[in-house]
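# Descriptive structure summary
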Amino acid sequence: MRMAIPLSFAQLTIISKPSLLLRLNGFKALTLSLPFSSLATPSISPGKLRGQKWKQPIVSVLELGGVKIARDDLVRDDPTNNVPDSIFTKLGMQLHRRDQHPIGILKNAIYDYFDTHYSKKFEKFDDLCPVVSVKENFDDVLVPTDHVSRSYNDTYYVDAQTVLRCHTSAHQAELLRRGYTHFLVTGDVYRRDSIDSSHYPVFHQMEGVRVFSVDDWESSGVDATSYAAGDLKKCLEGLARHLFGAVEMRWVDSYFPFTNPSFELEIFFQEKWMEVLGCGVTEKEILNRSGKPDNVAWAFGLGLERLAMVLFDIPDIRLFWSTDERFTSQFSKGQLGSKFKPFSKYPPCYKDMSFWISDAFTENNLCEVVRGIAGDLVEEVRLIDNFTNKKTGMTSHCYRIAYRSMERSLTDDEINELQWKVREEVESKLKVVLR
């Protein structure tokens, strides 16, 4: 998790409507240990289908396993809500549960490793609800109250107490409280982020946790923390070899709020060092709160897209969401590492936009506006120039927007229409002055 200059948490105290967690059928029914199909709503509003020719139509109700969730429960005109339609359409897609999709293939390959080496000890969860409480997403895993990840700039808030999970670690404490000692959690996670070939506001993570009792380390001759750290490294080195073959590895000391000590595993792959995952020995406070004061545990987390892009030679993260048969037909169940063959090289179209920013301006907010209009037709948003007027003290930013479809050529008229809409929305929503 990224650390940065702490932002104000005061805005999270704004409450204009009852929390979604409380309005749905039972607080626990929506929390971390139950599947998405446990969601229910008291009423369903029909809503209107909305969409533009360059965007996926927006449905008013999401149905999963026969249970319906109204769009209006997650996307609202409310100061405590920043979930856009473009994110709502991704809920329930569950790429990690598709056996012939690169994300699903990689998930299953990791499952195979744990099943083979741990005699199916690890419980697997891959259908847990992505709508979680602020407490479960942040407090239960000891994320500081002033951490930047809690801000509205970084996280999607449904309301002041409810978010779309930023990481699969959001489920850790609840599963520990329910008595699970070996588990893997896989799911879609949501973060407001920049726009380029390796960043997307929805991606997939896997979390792994193993709990030890006194009997496990008592006869080892080492303390509990050292025992857990040693077991963790042995486990994950084996996983890296399972996925990447006989590669050189190294461990790097790191920091995560929920583990101590913390590490990152790097491998030397394709002539460079690459981070594979983050991990560590679980903070004792998490175990104490979960009713396990006499235990020690380890935990790891990895991003599936990041590894799949390398293993399958996928150059752009947007491709994971493609329904084009020229992409989907290239992958088969159980075939880890089959190399993607590019099927198009459509040219990008660049449009520049300059404006005077306000103190409240953030690049993440800009990217949200651009994505909301252009969807996956936007390839990159990049700051190419900035300066401050010495007389007025005002700062100007110039961003270059790259539009490119991975499936077809875009027309000049289509790009111009998108760019004009982007300019209008940026000016009205972000309170900047166009130049």
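The preceding data block contains the structure.
A few points on the structure.

What follows is about the pairing of strand E11 (residues 272-282). Where a strand is regular, its side chains alternate between the two sheet faces. Most of E11 is tucked away, with 8 of its 11 residues classed as buried. Both strand E10 (residues 259-269) and E11 contribute to a ladder of 9 bridges, which runs antiparallel. In the strand pairing of E11, Leu265 is matched with Leu277. The antiparallel pairing of E10 with E11 creates a hairpin that spans 2 residues between the two strands, and Gln270 there sits at a positive phi of about 55 degrees.

Before going further, it helps to spend a moment on the sheet that holds strand E13 (residues 349-356). Taken in spatial order, the 4 strands make up an open sheet running E14-E15-E13-E16, and their pairing is antiparallel. The sheet is open, and its two edges are formed by strand E14 (378-388) and strand E16 (433-434), each paired on a single side. With 8 bridges joining them, E13 and strand E15 (residues 395-403) adopt antiparallel strand pairing. In the strand pairing of E15, Asp352 is matched with Arg400. On top of the sheet, helix H12 (residues 363-374) reaches E13, E14 and E15; it is set at about 140 degrees to E14, its chief contact.

Take the nonpolar core next. Among the nonpolar cores identified, the biggest contains 70 residues, and Ile110, Phe114, Leu164, Leu236, Phe244, Leu302 and Phe320 are the most heavily contacted of them. Per element, the largest residue contribution to this core is 10 residues, and it comes from helix H8 (residues 224-244). Setting aside its immediate chain neighbours within four residues, Leu302 contacts Ile110, His204, Gln205, Met206, Leu239, Val276, Leu277 and Leu307. Core analysis: the second largest hydrophobic core is formed by 25 residues, Val143, Leu176, Val185 and Phe258 among them.

This paragraph deals with the side chain of His397. Mapping His397 onto the fold places it in strand E15. In this structure the side chain of His397 is engaged in a polar contact, spanning 3.4 Å, whose partner is the side chain of Tyr399.

So, on to the sheet that holds strand E4 (residues 131-133). Strands sit in the order E4-E6-E5 across an open sheet of 3 strands; the sheet is antiparallel. On the outer flanks of this sheet lie E4 and strand E5 (157-159), each paired with one strand and no other. For this sheet, the mean inter-axis angle between neighbouring strands, taken without regard to orientation, is 35 degrees. Pairing of E4 with strand E6 (residues 162-164), which is carried by 3 bridges, proceeds in the antiparallel orientation.

A separate point is the packing of helix H4 (residues 102-117) against H8. Taken N-terminus to C-terminus, the directions of H4 and H8 make an angle of 130 degrees; their axes are 10 Å apart at the nearest point. Taken together, the axis directions place H4 and H8 in an arrangement best described as oblique. When the axes of H4 and H8 are compared, the crossing they make is right-handed. In contact with Leu106, Ala109, Ile110, Asp112, Tyr113 and Phe114 of H4, H8 contributes Lys234, Cys235, Gly238, Leu239, His242 and Leu243. A class-by-class count of the residues in the contact of H4 with H8 yields 8 nonpolar, 2 polar and 2 charged.

Parameters at a glance
Counting restarts for each chain, with residues numbered from 1 along the sequence as it is written. Reporting of local features is limited, given that this is a predicted model, to residues whose pLDDT is at least 70; pairs of side-chain atoms are given and counted only at 80 or more, and all residues count toward the totals for whole chains, interfaces and linings. Only hydrogens and water are set aside when side-chain values are computed; all heavy atoms of the structure are taken into account. We call a residue buried when its accessible area falls under 20% of the maximum for its residue type, exposed when it is over 50%, and partly exposed in between, using a 1.4 Å probe and counting protein chains only. Numbered from the N terminus, helices here are DSSP runs of H or I no shorter than four residues, and strands are runs of E no shorter than two. The pairing criterion for strands is at least two bridges between them, as found by DSSP. Only heavy atoms matter for contacts: two residues are in contact if any of them lie within 4.5 Å across the pair. A fitted line through C-alpha atoms serves as each axis, taken over the contacting stretch for helices, and the angle formed by two N-to-C directions is quoted from 0 to 180°. We call a set of buried Ala, Val, Leu, Ile, Met, Phe, Trp, Tyr and Cys residues a nonpolar core when their side-chain atoms join them within 4.5 Å. Any pair of nitrogen or oxygen atoms within 3.5 Å is treated as a polar contact; in protein, a donor-acceptor pairing is required on top of that, and neighbouring residues in sequence qualify only through side-chain atoms on both sides. Here is the rule for angles: anything less than 35 degrees is roughly parallel, anything more than 145 is roughly antiparallel, 65 through 115 is roughly perpendicular, and the remaining ranges are oblique. Less than a right angle of anticlockwise turn of the near helix away from the far helix marks a crossing as left-handed, whereas a clockwise turn marks it as right-handed. Three classes are used: nonpolar for Ala, Val, Leu, Ile, Met, Phe, Trp, Tyr, Cys and Pro, charged for Asp, Glu, Lys and Arg, and polar for all others, with Gly counted as polar.

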